Amino acid sequence: MSKIDAGAGSQAGAQAAAGAGAAGSQKGARATSRTSAKVIDRIATGVFYVVAAFFILLLASITAYILYKGALAASPELLSFVGDGVGIQLFNTVYLVFLSLLVTMPVGIMTGLFMAEYAGSGFFVAITRTCIEALSSLPSIIVGLFGFLVFIQMTHSKWSLWAGSLSLAIINVPLIARTTEDAMRSVPRSYYDGSIALGASRWQTVTHVLLKASIPRIITGMILAAGRGFGEAAVLLYTSGMSSDVNFHDWNPLSPTSPLNPLRSADTLSVRIWSLKTEGIAANSQQIADLAAAILILLVFVFSLGSRALGRRLQKRMLSGN
Amino acid sequence: MASRLRKWQTEYLGRTLVTAFGLFVVVLTLGILGFLGYKGSATFIDYGHSLTEFLISSKWSPGEAGQSGSIGSAVFIIGSLEVSSLALLLATPLSLAMAIFIAEVAPQRLSTTLRSVLEIFVGIPSVVYGWIGLAVLVPFIADLFHLNFGFSVLSAALVLALMICPTITSVATDSLAATPNEYREASYALGSTRWQMIWHVKLRAAIPGILTGVVLGLARAFGEALAVAMVIGQSNRFASSLLAPTNTLTAVITANMGNTTTGSEYNDVLWSMAALLLAISLLFILLIRVISRRGQAS
């Protein structure tokens, strides 16, 4: 926060110094070169403002375009949970991300715990760290193909929600692991010492004290992971499939067309946009995709803003608690 | 005895558990490498093609159902490189300017807002970018250059550039903001203007971070499948110009993995391409590590 203030202050100071004729700055502080340097500075500043305005305008117009097209396409029929209705994909998206978080959270938190408290600084940690890093930057189509190979081909099963959610979990585990590790490391050392002094074991300290203090940040990370999951498509194409056959009147998780059955195939909003492009045979496929895109970015925006707001609030509470 | 049991319950059990999870992540990563490497090797082992044919030849007519054909994938490899490097070329100057604006030029309130906006845009799904490209950019390019179709290298590069801009900007901004404040103060004290300070001091100090952002952007562009596949035109020949369609590794894998038979030559080549894609992605990760280690050392 003080960065800008200090910068502005020193800038004023520098200008005063330059005005007083501080010699020997660059190659001779002759009046001509100083004016030209000032002119160049003005021009550069102007260019930055223009570029920034262009960039912001671009992003804003894209968002506005998607939302506008989505609003145009919205109709009760397309918003429904039957036929071409996007409601089916909306449900699939949320349900699939929920299922994947059930796997991501324990694995990610445990890995983060290991990295923060038990790993030390040996060879094995270096390997684990490299692996997490590698996992987090793999192209999602690669993870999708791995999921396709292991969860579909090798088990001789059909495209399913669980295969999709497990593959998505692979993508998000590094994020949660890193968030957990960072959060645990930022817990004050005195918490640890206090707990050990009270006779708790290291594991008890880690789970009862450090992990508890880290929960706010882990939750923020979870929301972020969910937001990322909503938009993933390349991972899901060949794991959870490109179609869904559901009946929203049947909530028995064991029946093959029940929305809750994790063994059915399911297309999410983003996969639907892709499949409409590649095999868009329906007359209104353009409208469906427009609507799906609008709902998708709304979902992503809400989660992204939500995680930021929550993070800020939890941080404030923690700060005031100290 | 009892105390040992208690110690086991309160300490060793948990330690074993988390270590197992750490190990699991390692096994998972190695598993991905192993499985894709194994699947990708079938082209060369079962069908006896040479690696040079795969990498250098552009003769593409892989066999279905037990037959054997030509598997030259140069078109896709060049296509991927072409599209992602062009995207990088377009995105880097813009992102860098934006990063400098946010970190150095903009008033603080604007700067904080812009940072949040950027982070939100990093999260926009790539399919949405592809969809916009398909609905707006492709017809626009066809109109502008009087083409029959706007599917082209240029369309794909523009879509990717738009997609990676927030990523590069975000990383570069953090890196600029992380340079010590003394640098700025010393520079101003020597009488330099803001632009001189940015150009001669800040940018130089932040270079490792900026490079990391650029490589991250390149990796994202290279590995992006759907957004590219939607606008590249998927024509299996070299692009004669920026306005011609071609194909990329990711696009050809995505489009054909589902409709080729498992174990056929066609299908196996796609797995080989996936393995190649994985290898190149790992190379990018390695590059980032080297850059950031250099940055720490200096």
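Note that the structure is predicted; figures quoted are calculated from it, not measured.

Draft legend 1. Inspection of the overall build of chain B at higher detail. When helices and strands are counted, chain B shows 12 helices and 2 strands. Counted from the first residue to the last, chain B has its helices and strands arranged as α-α-β-β-α-α-α-α-α-α-α-α-α-α. Projecting the C-alpha coordinates of chain B onto the three principal axes gives extents of approximately 85 × 75 × 35 Å. Taken across its 298 residues, chain B has 55% of its residues classed as buried. Residue pairs at least 24 apart in sequence account for 69% of intrachain contacts in chain B once pairs closer than 6 positions are excluded. As displayed, chain B offers around 12,800 Å² of accessible surface, 66% of which is attributable to carbon and sulfur atoms.

Draft legend 2. Region of the structure containing the side chain of A:Ser214. Residues and elements named next belong to chain A. Relative to the helices and strands, Ser214 resides in helix 8 (residues 202–231). Here the side chain of Ser214 touches Leu210 through a polar contact of 2.7 Å, landing on its backbone oxygen. Ser214 has contacts with Ala183, Met184 and Val187, leaving out every residue within four places of it along the chain.

Draft legend 3. Spotlight on the environment of A:Phe91. All names here are of chain A. As for its placement among the helices and strands, Phe91 is situated in helix 3 (residues 87–118). Distance from Phe91 to Arg129, taken between C-alpha atoms, is 35 Å for residues 38 residues apart in sequence. With residues near it in sequence (within four places) discarded, Phe91 still touches Phe81, Phe248, Trp251, Pro259, Leu260 and Arg264.

Draft legend 4. Broad picture of the domain arrangement of chain A. Residues and elements named next belong to chain A. Examined at the domain level, chain A breaks down into domain 1 (1–73) and domain 2 (78–320). Listed by partner, the interface residues are 6 residues for domain 1 and 9 residues for domain 2. With both sides pooled, the region where domain 1 packs onto domain 2 buries about 620 Å², and carbon together with sulfur makes up 81% of that total. Contact with domain 2 buries area across many residues of domain 1, yet Ile66, Leu67 and Ala73 alone supply 62% of it, more than any other trio. The interface formed by domain 1 and domain 2 holds 0 salt bridges in total. Tallied by class, residues from the side of domain 1 that touches domain 2 come to 3 nonpolar, 2 polar and 1 charged.

Draft legend 5. Molecular detail of the interface of chain A and chain B. Contact with chain A, which involves 82 residues of that partner, is made by 84 residues of chain B. Of the roughly 7,800 Å² buried between chain A and chain B on both sides combined, carbon and sulfur atoms contribute 78%. Where chain A meets chain B, there are 2 salt bridges. Of the charged contacts, one joins B:Arg289 and A:Glu133 as a salt bridge, the two residues approaching to 3.7 Å between their closest N and O atoms. Counting the contacts that link chain A with chain B gives 10 residue pairs in polar contact (both at pLDDT 80 or more). With 19 residues, the single largest contributor to the side of chain A that touches chain B is helix 2 (residues 31–73) of chain A. Classifying every residue of the side of chain A that touches chain B by side-chain character gives 56 nonpolar, 18 polar and 8 charged.

Draft legend 6. Up close: the domain arrangement of chain B. Residues and elements named next belong to chain B. Domain annotation of chain B identifies domain 1 (2–47) and domain 2 (73–297). For domain 1 and domain 2, the distance between their C-alpha centres works out to 33 Å. With 9 residues of domain 1 in contact, the opposing surface of domain 2 contributes 12 residues. For the interface between domain 1 and domain 2, the tally reads 0 salt bridges. Joining domain 1 to domain 2, the criterion identifies 5 residue pairs in polar contact (both at pLDDT 80 or more). Class assignment of the residues belonging to the side of domain 1 that touches domain 2 gives a composition of 6 nonpolar, 2 polar and 1 charged.

Draft legend 7. View of the side chain of B:Ser281. All names here are of chain B. Checked against the element boundaries, Ser281 lands in helix 12 (residues 265–297). Accessibility expressed as a relative area gives 5% for Ser281, which makes it buried. At a separation of 2.7 Å, a polar atom in the side chain of Ser281 contacts the main-chain carbonyl oxygen of Leu277.

Draft legend 8. Structural context of the packing of aromatic side chains. The full count for this structure, using the stated rule, is 21 aromatic pairs over all chains. Ring centres of B:Trp60 and B:Phe76 lie 4.8 Å apart, and the angle between their planes is 80°; on these two criteria the pair is classed as edge-to-face. In this pair, B:Trp60 is assigned in strand 1 (residues 60–61) and B:Phe76 in helix 3 (residues 74–105), connecting sequence segments 16 residues apart. Pair check on accessibility: B:Trp60 and B:Phe76 agree, each one buried. Ring centres 6.4 Å apart and planes at 35° place the aromatic pair B:Phe149 and B:Phe151 in the tilted group. You can call B:Phe151 partly exposed: its relative accessible area is 26%. Ring-pair connections join several aromatic residues into one group, and the members of that group are A:Phe81, A:Phe91, A:Tyr95, A:Phe248 and A:Trp251. For B:Arg204, the ring lying beneath its charged end belongs to B:Trp199, and the centroid distance is 6.0 Å.

Draft legend 9. Broad picture of the pattern of salt bridges. Counted under the stated rule, the structure contains 8 salt bridges over all chains. The salt bridge partner of B:Glu119 is A:Arg308, with a shortest N-O separation of 2.5 Å. With one member in each of two chains, B:Glu119 in helix 4 (residues 108–122) and A:Arg308 in helix 10 (residues 285–321) form a pair that bridges those chains. Here A:Arg308 falls in the partly exposed class, since its relative accessible area comes to 24%. When salt bridges that share partners are traced, they join A:Arg129, A:Glu181 and A:Arg185 into one network.

Draft legend 10. Local environment of a nonpolar patch on the surface. Together, B:Leu5, B:Trp8, B:Tyr12 and B:Leu13 line one region of the surface with nonpolar side chains, adding up to about 400 Å² of accessible area. With respect to the helices and strands, B:Leu5 occurs in helix 1 (residues 2–45).

Draft legend 11. Representation of helix 9 (residues 207–223) of chain B within the structure. The terminal C-alpha atoms of helix 9 of chain B, which comprises 17 residues, lie 24 Å apart, in line with the 24 Å expected from a rise of 1.5 Å per residue. Among the residues of helix 9 of chain B, those classed as buried are B:Gly209, B:Ile210, B:Thr212, B:Gly213, B:Val214, B:Val215, B:Gly217, B:Leu218, B:Ala219, B:Ala221, B:Phe222 and B:Gly223.

Draft legend 12. Structural context of the confidence of the model for chain B. Residue and element names in this part refer to chain B. Per-chain confidence: chain B averages 89 in pLDDT, with 99% of residues scoring 70 or above. Confidence scores differ between elements of chain B, with strand 2 (residues 70–71) showing the lowest mean pLDDT of 84 and helix 3 the highest of 94. Here the complex is predicted with pTM 0.87, and the ipTM for its interfaces comes to 0.90.

Quick notes on the rules
Residues numbered from 1 in each chain as written. Chains lettered and ligands numbered in written order. Predicted model: local features only at pLDDT ≥ 70, side-chain atom pairs only at ≥ 80, totals over all residues. Heavy atoms only, no water. Helix = DSSP H or I, 4+ residues; strand = E, 2+ residues; numbered from the N terminus. Buried < 20%, exposed > 50% of the residue type's maximum accessible area, 1.4 Å probe, protein only. Contact = heavy atoms within 4.5 Å. Areas by Shrake-Rupley, 256 points an atom, 1.4 Å probe, with all protein chains shown as cover. Polar contact = N/O pair within 3.5 Å; in protein donor to acceptor, adjacent residues only side chain to side chain. Domains from an automatic or database assignment. Buried area = accessible area lost by both parts, 1.4 Å probe. Salt bridge = Lys/Arg side-chain N within 4 Å of Asp/Glu carboxyl O. Nonpolar A, V, L, I, M, F, W, Y, C, P; charged D, E, K, R; others polar. Phe/Tyr/Trp six-rings, centres within 6.5 Å; stacked < 30°, edge-to-face > 60°. Lys NZ or Arg CZ within 6 Å of the ring centre and 35° of its normal. Patch = residues over 30% accessible without salt bridge, like charges linked within 9 Å, V, L, I, M, F, W, Y side chains within 5 Å. Expected span 1.5 Å × (residues − 1). pLDDT = per-residue confidence, 0-100.

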